[in-house]
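Given next are the chains, with one letter for each unit.
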Amino acid sequence: MYLKAISLILGGAGLLAACGPAPTPQQQAARQHEIACLSGTLGGALIGGAIGNQFGGGSGKSILTGAGAATGSISGARFAC
């Protein structure tokens, strides 16, 4: 019963969203830009964290992983945005 209720609510929400106005080309371009910025930031953080994790030992490894993730996310955001 609970699953049916949730399915009806989500299905109704999906139908209402589909009936909305079509996005303008400017809105589509803005959305694509947001997605590119987010992808660049997350991708840079993952790559930077993976590279930082290769160095150091003990607590230094954790610090370098965090520093690499932070640096990678900044670089990824600059590149993608």
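Up top is the structure these notes are about.
Just so we're clear, the structure is a prediction, and the values are computed from it rather than from any experiment. (Residues numbered from 1 in each chain as written. Predicted model: local features only at pLDDT ≥ 70, side-chain atom pairs only at ≥ 80, totals over all residues. Heavy atoms only, no water.)

Engineer: Mind showing me how you'd approach the overall build of the protein chain here?
Structural biologist: Regarding its fold elements, the protein chain presents three helices and zero strands. Ordering the α and β elements of the protein chain from the N terminus gives α-α-α. Whereas a compact globule of 81 residues would reach a radius of gyration of roughly 12 Å, the protein chain reaches 20 Å, over 25% beyond that. Taking all 81 residues of the protein chain together, 12% fall into the buried category. For the protein chain, long-range pairs separated by at least 24 residues make up 57% of all intrachain contacts whose partners lie at least 6 apart in sequence. With an accessible surface of roughly 6,200 Å², the protein chain has 71% of that area assigned to carbon and sulfur atoms. (Helix = DSSP H or I, 4+ residues; strand = E, 2+ residues; numbered from the N terminus. Rg over C-alpha atoms; globule rule 2.2 N^0.38 Å. Buried < 20%, exposed > 50% of the residue type's maximum accessible area, 1.4 Å probe, protein only. Contact = heavy atoms within 4.5 Å. Areas by Shrake-Rupley, 256 points an atom, 1.4 Å probe, with all protein chains shown as cover.)

Engineer: Which parts of the structure should I look at to understand the state of the cysteines?
Structural biologist: Linking two cysteines covalently through their sulfur atoms gives a disulfide. Enumeration according to the criterion identifies one disulfide in this entry. Covalent S-S linkage joins Cys37 and Cys81, the inter-sulfur distance amounting to 2.0 Å. Separated by 44 residues along the polypeptide, Cys37 in helix H2 (residues 25–52) and Cys81 in the segment after helix H3 (59–80) bring together distant segments of the chain. (Disulfide = S-S within 2.5 Å.)

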